[in-house]
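Analysis of the macromolecular model
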Amino acid sequence: MSSSASHISQTSLPSHPIGVFDSGVGGLTVVRALMDRLPFENIIYFGDTARVPYGVKSVATIEHYTQQIADFLQQQDVKMLIIACNTMAAVAADKVRASAKVPVLDVIEAGAKNAVAHTKTGGIGVIGTPTTVNSNAYARAIHQLNPATRVYSQACPLFVPLVEEGWLDHAVTRLTAQEYLKPVFVELIDTLVLGCTHYPLIKPLLLDVCGNRMQLVDSALSIADQTAEILQSSGLANPAHTMPEYRFVVTDLPVKFQTIGERFLGRSLGKIELTQL
């Protein structure tokens, strides 16, 4: 995977928004990290709430949906695309990069780069949804950067529903984390990648459970740093220090989206736009 920072569109302007997309609500943790790291950048977030979850769908379907969203965002004149969904990134990032007219970043590549940069022992753990773990995308991305690393992956299927329930510091979530991380602790690992955009919400709990055994790599923070670097180096950072515009576009408006979305974002979502692809 190579980020297509070279794909700078001739029509991209520094004032144009960054396009961030996900199959649902999880990518709002990436938007939150971008808002904190780049407070003057305009952002459009697209959540495909009508067709979530993607993890149970075929590769061809995931590729098709991902391309549809990337095309929609490019029609909104975005200057960069960020794939903020691990399932989409694992399956369709290369396809999107091949056709995009703007740089394309994804959470897997960002998390892998950060993990390789931070590990001292070469032992890296990855926790994620079963789909992400089974895709082996993190292990591939990490090994591409450093073939000598040892990668141990652990699927944590219960974390997403627990986070969406708001049980961020609940005894049940803590016990679940302790169970999932037992086999991880046995491995010689010093760095643990949070391979799902829901997981930053339980980062304090995970840090507590891990103690000083390992450091955590948050893909949302990793991608915010990578975005800042690429915007600077390509001359696309927004020079205007005015209040940015944030747009939130979804394909269906489930009742829970606003509540869960605001928890993920840490602030009000404001008006949510509804569109059909």
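Let us look at the structure shown here. None of these values were measured; they are calculated from a predicted model.

1. Here's the deal with the pairing of strand β9 (residues 246-250)
Sheet analysis places strand β2 (residues 43-47) next to β9, joined by 5 bridges and oriented parallel. Of the residues in β9, the one forming a bridge with F46 is V249. Bridge analysis of β9 against strand β10 (residues 272-274) gives 3 bridges, and the strand direction is parallel. Among the inter-strand pairings, V249 is bridged to a residue of β10, identified as E273.

2. Describing the packing of aromatic side chains
Enumeration according to the criterion identifies 4 aromatic pairs in this entry. Seen in terms of ring centroids, F159 and Y180 are 5.2 Å apart; in terms of plane orientation they differ by 90 degrees. Their pairing is edge-to-face. On the criterion of sequence distance, the pair formed by F159 in helix α7 (residues 159-164) and Y180 in helix α8 (residues 171-186) is long-range, its members being 21 residues apart. Residue classification places F159 among the buried positions, given a relative accessible area of 0%. Taking relative accessible area as the criterion, Y180 reaches 13% and is therefore assigned buried. Consider the rings of F159 and Y199, whose centres lie 5.3 Å apart with planes at 90 degrees: the pair is edge-to-face. Highlighted residues: F159 in helix α7 and Y199 in the loop between β7 (191-194) and α9 (203-210), separated in sequence by 40 residues. Here the aromatic residues F159, Y180 and Y199 are joined through ring pairs into a cluster of three or more. In this structure, R51 is placed above the aromatic ring of Y65, and the distance from its NZ or CZ to the ring centre is 3.6 Å. Just above the ring of F185 sits the side chain of R213; from NZ or CZ to the centre is 3.8 Å.

3. Focus: the pairing of strand β8 (residues 215-218)
Every regular strand shows the same layout, with side chains that alternate between the two sheet faces. Of the pairings in the sheet, the one linking β7 to β8 comprises 4 bridges and is parallel in character. Bridge pairing in β8 places L194 opposite D218. In this fold, β7 hands off to α9, which returns the chain to β8; that crossover is right-handed.

4. Quick look at unusual backbone geometry
Here the residue pair V52 and P53 is connected by a cis peptide bond, since its omega of 0 degrees sits within 30 degrees of zero. Although it is not a glycine, D77 adopts a positive phi angle of roughly 60 degrees. The class for D77 is partly exposed, based on a relative accessible area of 44%. One non-glycine residue, N136, lies in positive phi territory at about 65 degrees. Here N136 shows up in the loop between α5 (130-135) and α6 (137-145). Taking the relative accessible area as the measure of exposure, N136 reaches 41% and is therefore partly exposed.

The rules behind the values
Residues numbered from 1 in each chain as written. Predicted model: local features only at pLDDT ≥ 70, side-chain atom pairs only at ≥ 80, totals over all residues. Heavy atoms only, no water. Pairing = 2+ DSSP bridges. Helix = DSSP H or I, 4+ residues; strand = E, 2+ residues; numbered from the N terminus. Phe/Tyr/Trp six-rings, centres within 6.5 Å; stacked < 30°, edge-to-face > 60°. Buried < 20%, exposed > 50% of the residue type's maximum accessible area, 1.4 Å probe, protein only. Lys NZ or Arg CZ within 6 Å of the ring centre and 35° of its normal. Right-handed = clockwise from strand over helix to strand, strands pointing away.

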